[in-house]
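# Tertiary structure, described
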Amino acid sequence: MKILFYDTKIYDKESFEAARERYPQVELEYLKADLTPRTAPLAAGYQAVCAFVSSDVGEETVRALQKAGVRLILMRCAGFNNVDLKTAKACGITVMRVPGYSPEAVAEHAMALALAVNRRLHKAYVKVRENDFSLNGLLGFNFHGKTAGIVGTGKIGAAMARICRGFGMKVLAYDVCPNPSLEGMAEYVDLKTLLGQSDLVSLHCPLTDDTYHLICRDTIREMKEGAILVNTSRGALVKTDDLIEGIRARKFFGAGLDVYEEETPNVFEDRSEQILESSVTARLLSFPNVIITSHQGFFTREALEAIAETTLENALAFQRGEKNSNTLGES
Ligand code: NAI
């Protein structure tokens, strides 16, 4: 099995090469370039490509991959909103993903963002470095005894619910398909109730047509005054302009975002020497109560090992002609 690996970072290569020792039948070639319609033809001669969250796996790319003879797209991530599954199916290309490599990695990062925003750790860090030991602007509130609202209670949302319970929070949950493992741990309510009662709202549902701009002017209006919003799921769950409007209206205590709408050109790139034009991200960052991280929720040692292992397992399962629960686009 020959796989062309797109958008390779040093840590990707390390984790996949370590895993490959257990899968000698897999051949991996690494490209720095990300998968786009222009780079898809480079996959000629490979059975599979391996792509990630910022890859363009839309219609044009998928058709170019088909032309190149690719039969399998291995997504080394859980989300697959950037993949045109319909076209993949029509082109006879199977799409596989890694659904649950380490839910705790993302949930722990969600709580890290919530805590950092609440206690203004980003400001405290800078202040103390400048010998400013005053506490102005750092006042937070106890999570203990407050209410956390978890939107989407699959693997990551359930892990976040458990963490919030560990902090002594009441947990409200909203999901189109409730998770029985949270019985006795979280109370399922409708979205309006969750937003109206939660001091911390954490988003963990996938990006779909139904969840696009789930947090917008109307739903922000329904949120409790002074709540913290955390998004570690996908940027487009939140309508950024409306979030900015809400922050300006002092609706939020703060926001912690690991993902945001215009992240695609930024994700995992060092753009520190560039002048960024017309960036709403820059506007968000101008607020003292907003913290943004660069899609690093998944980024733990354990998660990288699990991603590499499952991706190579997926490749071999495909080669054996098997379909498993990681298969998205059945050909
Ligand atoms: P999952 O599939 O286990 O859970 C998703 C949950 O969302 C399910 O329970 C589903 O019923 C629910 N859901 C679907 N549509 C909904 C709707 N309209 N309203 C409310 N709930 C809805 O997925 P998992 O593993 O928990 O991941 C969640 C998301 O986290 C992924 O889709 C991905 O976008 C994001 N993610 C982010 C990472 C990061 O590094 N920041 C890493 C991994 C995933």
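In this report, the structure presented in the accompanying data block is examined. (Residues numbered from 1 in each chain as written. Predicted model: local features only at pLDDT ≥ 70, side-chain atom pairs only at ≥ 80, totals over all residues. Heavy atoms only, no water.)

Our next topic: the site of the ligand. Of all residues adjacent to the ligand, which total 24 residues, the nearest are Tyr101, Lys155, Ile156, Asp175 and Thr232. Separating an oxygen atom of the ligand from a side-chain N or O atom of lysine 155 is a distance of 2.8 Å. One nitrogen or oxygen atom from the main chain of serine 233 is found 3.3 Å from an oxygen atom belonging to the ligand. The protein chains hide 87% of the 870 Å² of surface that the ligand would expose on its own. (Near = heavy atom within 4 Å. Polar contact = N/O pair within 3.5 Å; in protein donor to acceptor, adjacent residues only side chain to side chain. Areas by Shrake-Rupley, 256 points an atom, 1.4 Å probe, with all protein chains shown as cover.)

Bringing unusual backbone geometry into the picture now. In the Ramachandran plot, aspartate 7 falls in the positive-phi region, its phi being about 55° despite a non-glycine side chain. Topologically, aspartate 7 is positioned in the loop between strand E1 (2–5) and helix H1 (10–20). Judged by relative accessible area, aspartate 7 falls into the buried class, the value being 5%. Backbone geometry at asparagine 131 places phi at a positive 60°, although glycine is not the residue there. (Helix = DSSP H or I, 4+ residues; strand = E, 2+ residues; numbered from the N terminus. Buried < 20%, exposed > 50% of the residue type's maximum accessible area, 1.4 Å probe, protein only.)

As a further point, take helix H4 (residues 103–118). Taking 1.5 Å per residue as the helical rise, H4 with its 16 residues ought to reach 22 Å, and the 23 Å between its terminal C-alpha atoms agrees with that figure. Of all the 16 residues making up H4, 12 are buried; the element is thus mostly covered by neighbouring parts of the structure. Looking only at H4, the buried set comprises Pro103, Ala105, Val106, Ala107, His109, Ala110, Met111, Leu113, Ala114, Ala116, Val117 and Asn118. Arginine 120 lies just past H4 and shows a positive phi near 55°. (Expected span 1.5 Å × (residues − 1).)

Purely spatial values, then, with no claim about function.
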